Structure formats: structure tokens, C-alpha cells
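Commentary on secondary and tertiary structure
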2 protein chains.
Amino acid sequence: MKIVSAKKILAGNDKIAQANRELFDKEGIFVLNLLGSPGAGKTSLLEALLPRLGKSLPVAVIEGDLATSQDAERVAALEVPVVQVNTEGACHLDAAMVASAAEALDLPRGGILFIENVGNLVCPAGFKLGEHLRLVVLSVTEGDDKVAKYPPMFRKTQAVALNKVDLAGALDFDEAKVEADLKRLLPGGRLFRVSARTGAGVEELESWLREERACRFGNASG
Amino acid sequence: MKIVSAKKILAGNDKIAQANRELFDKEGIFVLNLLGSPGAGKTSLLEALLPRLGKSLPVAVIEGDLATSQDAERVAALEVPVVQVNTEGACHLDAAMVASAAEALDLPRGGILFIENVGNLVCPAGFKLGEHLRLVVLSVTEGDDKVAKYPPMFRKTQAVALNKVDLAGALDFDEAKVEADLKRLLPGGRLFRVSARTGAGVEELESWLREERACRFGNASG
């Protein structure tokens, strides 16, 4: 009988994540790990971003879900290459799942690959996938206490997209509280106010993604 | 070096959950495991239910969170006995955490104990705590695709509280889809439409909880 400890699993994951990252760097692919609670609006935000980015850059998506291919179908409807990973109960994507998905995917060389993680504000924080940056989608409908209550997720990201801001007026949502909690956990982190549904703020997020990509790979593809 | 496999951990958890259940049964305490995504409205629903139930029944709460005692403070403000469990990174409560919390709690003998799990639509599904029933809180702002996308959680509950129905008008939310998916995964399961904020539907949920408690322990405490 072989038993593998959690520490060894994480070390093994890091090694595969590193190999993923080397592949992405070699192919000039800027990779985002998109995280957030179930229903935060990760797929909706992709639906808002992909047509804009896709005008001048190759884009592709890896979708992670426990079950169904509903999210991949929404991305495929935009004629963007997509692979669905069903985690069969696992609460997060890991680097090996991403490596398999990348093999099956038409890689967006010189462009941007989005990896949409399983909807979960806890477990995916611990697993590197080979991404360059993380973006956590937090919706105002989840309440203004979530940054403080889920610190591992918000400590390990580079940016937060505060989504569904069009609904903020109907809620008792204290944005200053979110900002203060973020400043404490993630000094220097970026906060974008967006509505995937109305399109508000999506242009700013798009510009940031283009800049971050260009910082790493230049503007050759633009 | 000792290594404990996941299977053994679950078997060990089941054993402690069974002991919790025996304690709760002995003391005539009806126990609910309250589950759902971050921000689904679990604590808000407790804030709506506790003052109603507390009029004629002892009530108490165990709060599970990664960090902070914000939820416990909200319950304590209602003058309801509460213990906060900080899971230190764990993505779910387990039976041992509940056993420790129960020791620290002024137990609501003859009444109802709510155990609010960590906000997570995946991991808590696998861990019995010793509860009599599970109630999953799903908010309309999370979207109408969540039942199909997170089947383990919805297969293992007895009821679903569809929360924030006051916001449904502002969203493209297909309630029939949720109902159909639930019927498939959870035949005979109950679906309550509620708004913790406006109070809509809370009375029906309260009645159901009273009935389920009375079925097990009779009306002596009423």
C-alpha cells in the first residue's frame, strides 16, 4: 500500500505547475487563474472579456467544474477554443488537470489563456496551476465581509474584480470595508469594479490584462 | 511517522459524528447543518429565523469560518448562545470540531441547534457532523445553474432554501430550471423560497423546522 501525504501532493503539484508555466512562457501565452465563489460571475465576466480581447489576440479557456459542461458551452458559443475539465468531485483544479487540458486545447500562442477554476473561495487558493496571475471575482451580492472571512484566497491573488456592481444599490454593501480589508491582506493589489451584465468597468479590466500580458511578452501579437 | 489516509479520516469522522448524534438525541436537541456558498445568506437566514424560533424553543448556533468571529457576533447580538469555530484553513467543519464546540456551548436542550458550515458548495458535503437534517441555502444571485454544477452538495441535503428571491426580478433567473435539477438529484426534497432580508417565506421555513423537530422529539418543549 502506498500513501501520499498532503505535503508531497502539494510539492508534486508545484513541480507540474512549473512545467506548465515553462510551456506557457515558451509559447508566449499569458495565463490567468480565475477564481471565486459559485455564482460570483466568472463565466459571465469571460463572456464580457473574450470578444473584446479576441479582436486582436488569440484567446482560449480551460473550464473547471465538478460536473456538466455548461460553462464550456457558453465559451464555445463565442467561438473561443475551450476545454472542459470535470474534476469528479475534487474541489479545485490542480496542475496535472491543467496539463492534460492544455494538451487537448488549441493553445492561444502569443495570446491569453484563462483557466476558470471550480467555484470555491477556499480550496483552489493552495494549488498553483502554472498561471502568471490570479484574478478573484467577488460579487457584491456575496456581502462585504468576504475578504476578511476568506483570507487565504485574497492573500494569494494579484487582483480582485468586484462584480455585479449594478446590483449594489439594492443591497447594504459597504465597498469601503472591502477596500480596507483588501489593503490589509493584499497591499498593492488591484481592485476593479465591474458588471459583467451591463459591461461597466470591463474596459478597464481588459486594459489591465493587455498591459500585464505586454509586460511579459511584448506587443508583437497586438 | 504516521500517515492517515483520506478513507480513514472519513471513517473516523463518521464515528465522531455518530457520538455527536447520540449526545444530541439524548438531550432532545434537533440539529441542522446549514450549508451554502460564501454569501448565500446563511447567517442572514439565521438572523431571520432565530428570533421567531426562540420565542418558544431554546436555540443555539455553532458558527464555522476560516477566520474572524463576525458571524458569531451577529448571532450573539440576538442574545442566542453561540460558539465560533475557526477552521484555520480547513474548507469545511468536521465532527470533531463540532464535538469541541458543543462542549463549549450552552446546549439548547429540547430545542434546535444550527451548525453553520464554512461557505463552500463542495467540501462540506462529505463530512457528517451528527446533524439530523441538512439545509442548503442557495441564493438567486448565484445563478440558476448551480444545482446541476454542484451535484454532491444537492444530493446529500434534505431541503434547499432559495434565498434573496426579492432580487430575482433584477436577474435572469430561471426558477423552473432549479426545480427540475433538484427533482432529478433530490427526489422528495423540499424547496423553500425565502428572502432573509424582507422576511418573505421565512414563516414557512420556520414551520417546517418546528414540524421536523416535533417528528423526532415531540411537542413537550413547545
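Everything below is about the structure shown above.
Residues numbered from 1 in each chain as written. Chains lettered and ligands numbered in written order. Predicted model: local features only at pLDDT ≥ 70, side-chain atom pairs only at ≥ 80, totals over all residues. Heavy atoms only, no water.

1. Digging into the overall build of chain A
Of the regular secondary structure elements, chain A holds eight helices and seven strands. Since a compact globule built from 222 residues should have a radius of gyration of about 17 Å, the 17 Å found for chain A is in line with a globular shape. Dimensions of chain A, computed from the C-alpha atoms along their principal axes, are close to 50 × 45 × 35 Å. Within chain A, buried positions represent 56% of all 222 residues. Long-range contacts, defined here as pairs at least 24 residues apart, represent 74% of the contacts in chain A between residues at least 6 apart. When the accessible surface of chain A is split by element, carbon and sulfur atoms take 51% of a total near 9100 Å². The distance from the centre of the 27 positive side-chain charges to the centre of the 30 negative ones in chain A is 6 Å. (Helix = DSSP H or I, 4+ residues; strand = E, 2+ residues; numbered from the N terminus. Rg over C-alpha atoms; globule rule 2.2 N^0.38 Å. Buried < 20%, exposed > 50% of the residue type's maximum accessible area, 1.4 Å probe, protein only. Contact = heavy atoms within 4.5 Å. Areas by Shrake-Rupley, 256 points an atom, 1.4 Å probe, with all protein chains shown as cover. Lys, Arg positive; Asp, Glu negative; His and termini not counted. Charge placed at Lys NZ, Arg CZ, Asp CG, Glu CD.)

2. Details of the packing of aromatic side chains
All names here are of chain A. Counted according to the given criterion, the structure contains two aromatic pairs over all chains. Between Phe 192 and Trp 208 the ring centres are 5.2 Å apart and the planes differ by 50°, which places this aromatic pair in the tilted class. Taken together, the residues Phe 192 in strand β7 (residues 190-193) and Trp 208 in helix α8 (residues 202-217) connect sequence positions 16 residues apart. Note on accessibility: Phe 192 and Trp 208 belong to one class, buried. (Phe/Tyr/Trp six-rings, centres within 6.5 Å; stacked < 30°, edge-to-face > 60°.)

3. Re the interface of chain A and chain B
Counting residues at the interface gives 35 residues for chain A and 35 residues for chain B. Taken together, both faces of the contact between chain A and chain B bury some 2800 Å²; the carbon and sulfur share is 59%. Our count for the chain A to chain B interface comes out at four salt bridges. Our enumeration of links across chain A and chain B arrives at eleven residue pairs in polar contact (both at pLDDT 80 or more). Of the residues in the side of chain A that touches chain B, the class split is 16 nonpolar, eight polar and eleven charged. (Buried area = accessible area lost by both parts, 1.4 Å probe. Salt bridge = Lys/Arg side-chain N within 4 Å of Asp/Glu carboxyl O. Polar contact = N/O pair within 3.5 Å; in protein donor to acceptor, adjacent residues only side chain to side chain. Nonpolar A, V, L, I, M, F, W, Y, C, P; charged D, E, K, R; others polar.)

4. A short note on the relation of the copies chain A and chain B
Mapping chain A onto chain B calls for a rotation angle of 180° and an axial translation of 0.0 Å; the resulting RMSD is 0.0 Å. Between the two chains, the operation in question is that of a two-fold axis. Comparing interface residues between copies, 100% of those in chain A also lie at the interface in chain B; the contact surface is shared. (Least-squares fit on C-alpha atoms with pLDDT ≥ 70 in both.)

5. Looking at the sheet that holds strand β6 (residues 159-163) of chain B
Residues and elements named next belong to chain B. Judged by pairing direction, the sheet is parallel, and its seven strands sit side by side in the order β3-β2-β4-β1-β5-β6-β7 without closing on themselves. Across the chains shown, the open sheet's two edge strands, defined by having one partner strand only, are β3 (82-86) and β7 (190-193). Shown here is a sheet whose adjacent strand axes are inclined to one another by a mean of 20°, direction ignored. Judged from the five bridges that link them, strand β1 (residues 30-36) and strand β5 (residues 133-139) form a sheet pairing that is parallel. Paired with Gly 36 across the bridge in β5 is Val 137. Its contacts with the sheet put helix α2 (residues 42-53) on β1, β2 (59-65), β4 (112-116), β5 and β6, and the angle it makes with β4 is roughly 170°. (Pairing = 2+ DSSP bridges. Axes fitted to C-alpha atoms, helices over the stretch in contact; angles between N-to-C directions.)

6. Thoughts on the side chain of Asp 144 of chain A
All names here are of chain A. By the secondary structure assignment, Asp 144 is in the loop between β5 (133-139) and α5 (146-149). Given a relative accessible area of 13%, Asp 144 falls into the buried group. A polar contact of 2.8 Å, which involves the side chain of Asp 144, links it to the backbone nitrogen of Asp 174. Ignoring any residue separated from it by four or fewer positions in sequence, one finds Asp 144 in contact with Asp 172, Phe 173, Asp 174, Lys 177, Val 178 and Asp 181.

7. Focus on the pattern of salt bridges
This model, assessed by the stated rule, comprises 32 salt bridges over all chains. Lys 149 of chain A is the salt-bridge partner of Asp 71 of chain B, the closest N and O atoms lying 2.7 Å from each other. One end of the pair, Asp 71 of chain B, is in helix α3 (residues 70-76); the other, Lys 149 of chain A, is in helix α5, on a second chain. Between Arg 193 of chain B and Glu 175 of chain B there is a salt bridge, with its nearest N and O atoms 2.3 Å apart. In this pair, Arg 193 of chain B is assigned in strand β7 and Glu 175 of chain B in helix α7 (residues 175-185), connecting sequence segments 18 residues apart. Among the residues examined, Arg 193 of chain B registers a relative accessible area of 37% and is labelled partly exposed. The class of Glu 175 of chain B is partly exposed, set by a relative accessible area of 25%. Overlapping salt bridges, with partners in common, bring together Glu 47, Asp 65, Asp 71 and Arg 74 of chain A together with Lys 149 of chain B in one network.

8. Notes on the pairing of β5 of chain B
Regular strands place their side chains on alternate faces of the sheet. Residues and elements named next belong to chain B. Of all seven residues in β5, seven are buried, a share of seventy percent or more. Here β5 shows a buried face lined by Leu 133, Leu 135, Val 137 and Ser 139 and a second buried face lined by Arg 134, Val 136 and Leu 138. Here five bridges tie β5 to β6, and the two strands are oriented parallel to one another. Bridging from a neighbouring strand, Leu 138 pairs with Leu 162 of β6.

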